[in-house]
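Now for the letters of each chain:
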Amino acid sequence: MDSLQIANRSFHSRLMVGTGKYASFVQMRDALAASETEIVTVAVRRVNLDHVEESLLDYIDTERYLLLPNTAGCHTAEEAVRTARLARAAGLSNWVKLEVIPEDGTLLPDPIATLEAAAILVKEGFVVLPYTTDDHIVAGRLVELGCATVMPYGSAIGTGQGLPNPDRLHRIMDTVNGRVPVVVDAGIGAPSDAALAMELGADAVLVNTAIAKAQNPVQMARAMALGVTAGRSAYLAGRIARTPVARPSSPQTGLIGTSL
């Protein structure tokens, strides 16, 4: 079985899916089902934890999915740590997708604050999955701290630009060297982007906007699942090397009408 191993859990699906930006909770529920995901991220600061009013949590089957609270909306290490503690205290999970994003409009992660928060949360027993830059030094430090994955962006959140810097992702994979899974998070716009991430050697991808804002989110969710599966299969199969000149597909010896 080609399973994804994170901390003490194994997963068949290598597609993680976010829960923001859908037109309705029902649409979100149906897209999650179509994606065949097993890990669903939820922004702690944007959900109703007391269930007094209708919440997206009412539409997520926790028997089917691992709920992965995330600290989206946190701008400092202190805010992120407090939010993770709140999620655990509310009974959501001791797993956390760590996001620390400064208020500069770029939606790029703050690597220093992310390292600070990760160090605290790991020591407190959280399973930490940090959203990070495409810098291999930062990725290596997160692994050394004891994070369960590293989650570099493919490109900026919500842009759908895909993977404009695949060499940087390769460098992260080489640095991590299989010690923890590498999950490409953010920027994926189409199933071809997801497939490319997997072909490069990523262990999984996380997709939200590309599914939720598609014209048909349920159909796109299924397409993303197929893209991830195809990319993983291609990686395992081993693609041919790129060459500067053409090579014939058929042997050039023993042709009819030629001497052997």
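Residues numbered from 1 in each chain as written. Predicted model: local features only at pLDDT ≥ 70, side-chain atom pairs only at ≥ 80, totals over all residues. Heavy atoms only, no water.

K.L.:
So what's going on with the overall build of the protein chain? Residues and values would help.
P.N.:
In terms of helices and strands, the protein chain carries eight helices and ten strands. For 260 residues, the compact-globule estimate of 2.2 N^0.38 gives 18 Å, and the C-alpha radius of gyration of the protein chain, at 20 Å, lies within 12% of that figure. For the protein chain, the C-alpha atoms occupy an extent of roughly 85 × 40 × 35 Å along the three principal directions. Across the protein chain, contacts joining residues at least 24 apart in sequence account for 65% of those joining residues at least 6 apart. When the accessible surface of the protein chain is totalled, it reaches about 13000 Å², and 51% of it is carbon and sulfur. Averaging the coordinates of the 22 positive side-chain charges in the protein chain and doing the same for the 27 negative ones gives two points 5 Å apart. (Helix = DSSP H or I, 4+ residues; strand = E, 2+ residues; numbered from the N terminus. Rg over C-alpha atoms; globule rule 2.2 N^0.38 Å. Contact = heavy atoms within 4.5 Å. Areas by Shrake-Rupley, 256 points an atom, 1.4 Å probe, with all protein chains shown as cover. Lys, Arg positive; Asp, Glu negative; His and termini not counted. Charge placed at Lys NZ, Arg CZ, Asp CG, Glu CD.)

K.L.:
Explain the packing of aromatic side chains to me, using residue names and the numbers behind them.
P.N.:
Tallied over the entire structure, the rule returns three aromatic pairs. The interplanar angle of 80° and the centroid separation of 6.2 Å between the aromatic rings of F11 and W95 together place this pair among those described as edge-to-face. Remark: W95 occurs in strand β6 (residues 95-98) and F11 occurs in strand β2 (residues 9-11); sequence separation between them is 84 residues. Owing to a relative accessible area of 5%, W95 belongs among the buried residues under this scheme. Taking the centre distance of 5.3 Å and the plane angle of 40° together, the rings of F25 and Y59 count as tilted. (Phe/Tyr/Trp six-rings, centres within 6.5 Å; stacked < 30°, edge-to-face > 60°. Buried < 20%, exposed > 50% of the residue type's maximum accessible area, 1.4 Å probe, protein only.)

K.L.:
So what's going on with the side chain of T133? Which residues, and what values?
P.N.:
Checked against the element boundaries, T133 lands in the loop between β7 (127-132) and α4 (136-145). Taking the relative accessible area as the measure of exposure, T133 reaches 11% and is therefore buried. For T133, the side chain forms a polar contact with the main-chain nitrogen of D135, separated by 3.2 Å. Every residue in contact with T133, bar those within four places of it in the chain, is listed here: P109, P111, V138, P152, Y153 and I172. (Polar contact = N/O pair within 3.5 Å; in protein donor to acceptor, adjacent residues only side chain to side chain.)

K.L.:
Could you give an account of helix α1 (residues 25-35), with specific residues and numbers?
P.N.:
Those residues of α1 that fall on the buried side of the exposure criterion are Q27, M28, A31, L32, A34 and S35. Axial view of α1: buried residues confined to an arc of 165°, hence all on one face. The secondary structure elements touched by the buried residues of α1 are β3 (15-18), β4 (39-43), α7 (209-212) and α8 (217-237). Positive backbone phi, approximately 60°, marks E36, located one or two places after α1. (Arc of directions from axis to C-beta.)

K.L.:
Pulling in residues and values, what's your account of the state of the cysteines?
P.N.:
Under the counting rule described, the total for this entry stands at zero disulfides. Its sulfur unpaired, C74 is 16 Å from the next cysteine sulfur, which belongs to C147. The buried category is assigned to C74, whose relative accessible area is 1%. (Disulfide = S-S within 2.5 Å.)

K.L.:
Go over the packing of helix α2 (residues 77-89) against helix α3 (residues 111-123) with me, naming the residues and quoting the values.
P.N.:
Where α2 meets α3, the closest approach of the two axes is 8 Å, and the angle between their N-to-C directions is 35°. Crossing angle aside, the handedness with which α2 passes α3 is right-handed. Counting all contacts with α2, which are made through A77, A80, V81, A84 and R85, the residues of α3 involved are A113, E116, A117, I120 and L121. When grouped by side-chain class, the residues that make up the contact of α2 with α3 number eight nonpolar, no polar and two charged. (Axes fitted to C-alpha atoms, helices over the stretch in contact; angles between N-to-C directions. Left-handed = near helix turned anticlockwise from the far one by under 90°. Nonpolar A, V, L, I, M, F, W, Y, C, P; charged D, E, K, R; others polar.)

K.L.:
Describe unusual backbone geometry, with residues and values.
P.N.:
One non-glycine residue, K21, lies in positive phi territory at about 75°. Residue position: K21 is located in the loop between β3 and α1. Phi is positive for N177, close to 55°, though the residue is something other than glycine.

K.L.:
Describe the pairing of strand β5 (residues 66-70), listing the residues and the values that go with them.
P.N.:
When you tally the buried positions in β5, you get five out of five residues, the bulk of the element. Both faces of β5 are covered, namely the face carrying L66, L68 and N70 and the face carrying L67 and P69. Pairing between β4 and β5: five bridges, direction parallel. When the bridges of β5 are listed, A43 appears paired with N70. (Pairing = 2+ DSSP bridges.)

K.L.:
How would you explain the environment of K21 if you had to name every residue and give the values?
P.N.:
K21 gets classed as partly exposed once you look at its relative accessible area, which sits at 45%. Taking the C-alpha atoms as reference points, K21 and D110, separated by 89 residues in sequence, lie 23 Å from one another. When neighbours within four sequence positions are excluded, K21 is seen to be in contact with G158, T209, A212 and K213. Looking at K21, its side chain comes within polar contact range of the side chain of T209, at 2.8 Å.

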